[in-house]
Amino acid sequence: MSTERNSSALVARPGHVPEELVVEFDMYNVPGGDKDAQGAFAAVQRTSPNIFWTPYNGGHWVATRAADVEAMLRDPEAFSSQRVFIPRDDSAPRTLPLESDPPVHTQMRRPLTLGLMSKAIDAMEHNVRDLAVELIESFLARGECDFMAEFANVLPMEIFLDLVNLPRAERTRLVPIVENFIKGGTVEARQQAQLEIMAYISGVVEERRSAPGEDLGSKVVNATVDGERISDDVALSYMTLLLFGGLDTIASMLGFITRFLAESPGHRKQLVDNLENRDFVRAAMEEMFRRFGIVNSGRVITRDCEFSGVQFRSNDTILPINLLAGLDEQKVSDPLAVDFTRGSPSNHLAFGTGPHSCPGATLARREIYIFLQEWLGRIPEFSVRKGAPPVAVTGVTCSLQSLRLEWPVD
């Protein structure tokens, strides 16, 4: 599942790629991405062809416009998920079920989809709320915290542990490993973290396959395809994906939303004044999901074809940038501005679309809704700590390295 890259090795332009469609774009080093990850991608969208080819990260196509991105995500026959990480490594084991297409993908993710339906999330809500309150209360009196380390990374990790019926205390062991994998500065650091995670998860997988329980982990590692239980290796991949997906994406969303509210007192006051207005809070969340999308995943083009006037070749790699669907001025007026009262559903693909739409979207929305209620109910005034500006990183998942916050204490 490693997403390590070698962007410095530029690839020669293939013969079917017109010179005018070449843009030197590195998804891991987008100019200005350390300050505003999504805004940096939007600048590329505004100044580049709608579809272009980059020599970075193994050489691949990039789609930036909402209509094209959505069409590609909805067409797995032409745009396959057999490889989603960039740079593409065909020698690495596929991360399943993420790197699969229907009908196999549909069958494999069925237990995950069923396990994360609204009814199941409703049953979890009390525990999620209690956990959010416990975490906030643990640092409230200090008047400051490292939000990513003390809240954003902890909440989804403990929820994951609850889902797979493991002790919450295990987070002290797992969070640092996952952090090293996601944000490790070297190939060696990430490889070591990956080995440690898989070594830990393998024991859980073995236990859940030999003596399944009612937890979500038991259900996913015993998934079936065409009536046959998935192999041990696939089960290990599935559980590892569940761990990273549940932690990385929600933690990143929490980070960007909280930084925005810390730096935007007007918007923060709007939310504080409307915390009991469920419709307003939900609309505000969707607007922030639109503005602060985080995920990028590649596709493999399965056949020679022409798309939007561009000629693709079979086995080309393309990156349809999900987060740019919500920042496309062809779909959204003044897309970089956050407006909680736009008056219509926000246009975004923060949770994907098509066969690979995020099965955890309902849980993510519920976690963030609860966070906003409980955090803003206790800390209505907060800001980024002086002298500690947050630094964003771009890539497969855009995220914040840290977020130091402070607030007045009576």
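For the structure itself, look to the data block above.
Remember, it's a predicted structure, so these values are computed and weren't measured experimentally.

## Some words on the overall build of the protein chain
Thought 1: When you go through the protein chain residue by residue, the secondary structure sums to 13 helices and 14 strands.
Thought 2: A compact globule built from 410 residues should have a C-alpha radius of gyration of about 22 Å, and the protein chain, at 21 Å, falls within 12% of that.
Thought 3: Across its three principal directions, the C-alpha atoms of the protein chain cover 65 × 55 × 40 Å.
Thought 4: Here the analysis covers contacts within the protein chain between residues at least 6 apart in sequence; of these, 70% occur between residues at least 24 apart.
Thought 5: Accessible surface, the protein chain: about 17400 Å² in total, of which carbon and sulfur atoms supply 49%.
Thought 6: Taking the average location of the 41 positive side-chain charges in the protein chain and that of its 56 negative ones, the two points are 2 Å from each other.

## A look at the nonpolar core
Thought 1: In this structure, Phe-25, Phe-147, Phe-151, Leu-271, Leu-372 and Trp-375 are the most contacted members of the largest nonpolar core, which totals 114 residues.
Thought 2: Dropping the residues within four chain positions of it, Phe-147 is found in contact with Ala-152, Leu-254, Gly-255, Thr-258, Phe-371, Trp-375, Leu-403 and Leu-405.
Thought 3: In this structure, Val-69, Cys-305, Phe-307 and Ile-318 belong to the second largest nonpolar core, which totals 20 residues.

## Looking at the pairing of strand 10 (residues 317-320)
Each regular strand shows side chains that alternate between the opposite faces of the sheet.
Thought 1: Burial along strand 10 is two-sided: the residues Thr-317 and Leu-319 and Ile-318 and Pro-320 are all buried.
Thought 2: Sheet topology note: the strand 2 (residues 60-63)/strand 10 ladder contains 3 bridges and is parallel. Within strand 10, the position partnered with Trp-61 by the bridge is Ile-318.

## Here we look at helix 4 (residues 118-139)
Thought 1: Taking 1.5 Å per residue, 22 residues should reach 32 Å; helix 4 reaches 31 Å between its end C-alpha atoms and fits that length.
Thought 2: Met-124 marks the point of greatest bend in helix 4, at about 45 degrees.
Thought 3: Within the span of helix 4, buried status applies to Ile-121, Met-124, Val-128, Arg-129, Leu-131, Ala-132, Val-133, Leu-135, Ile-136 and Phe-139.
Thought 4: The secondary structure elements touched by the buried residues of helix 4 are strand 4 (144-146), helix 5 (147-152), helix 6 (154-163) and helix 13 (361-378).

The rules behind each value
Along each chain, residue indices are assigned from 1 in the same order as the chain's sequence is written. The model is predicted, so local features are restricted to residues of pLDDT at least 70 and side-chain atom pairs to those at 80 or more, both for listing and for counting; the totals for chains, interfaces and linings are taken over all residues. No hydrogens and no water enter the side-chain calculation; it runs on all heavy atoms of the structure. Per the convention used, a helix needs a DSSP run of H or I reaching at least four residues, while a strand needs a run of E reaching at least two, with both numbered from the N terminus. Between the two quantities, the radius of gyration covers C-alpha atoms and the globule rule is 2.2 Å times the number of residues to the power 0.38. Residues are treated as being in contact if the distance between any of their heavy atoms lies within 4.5 Å. Where accessible areas are quoted, they stem from the Shrake-Rupley method and a 1.4 Å probe; at the residue level, only the protein chains shown are allowed to cover. All tallies of charge rest on Lys and Arg as positive and Asp and Glu as negative; His and the ends of each chain are not included. Taken as the charge location is NZ of Lys, CZ of Arg, CG of Asp or CD of Glu. We define a nonpolar core as any set of buried Ala, Val, Leu, Ile, Met, Phe, Trp, Tyr and Cys residues linked to one another through side-chain atoms lying within 4.5 Å. For each residue, the accessible area found with a 1.4 Å probe, counting protein chains only, is set against the maximum for its type, and the residue is called buried under 20%, exposed over 50%, and partly exposed in between. Strands qualify as paired when DSSP identifies two bridges or more between them. Expected helix span is given by 1.5 Å per residue-to-residue step, counting one fewer step than there are residues. Fitting axes to the seven residues that end at a residue and to the seven that start at it, the angle between those axes gives the bend at that residue.

No statement about biological role is implied by the geometric values presented.
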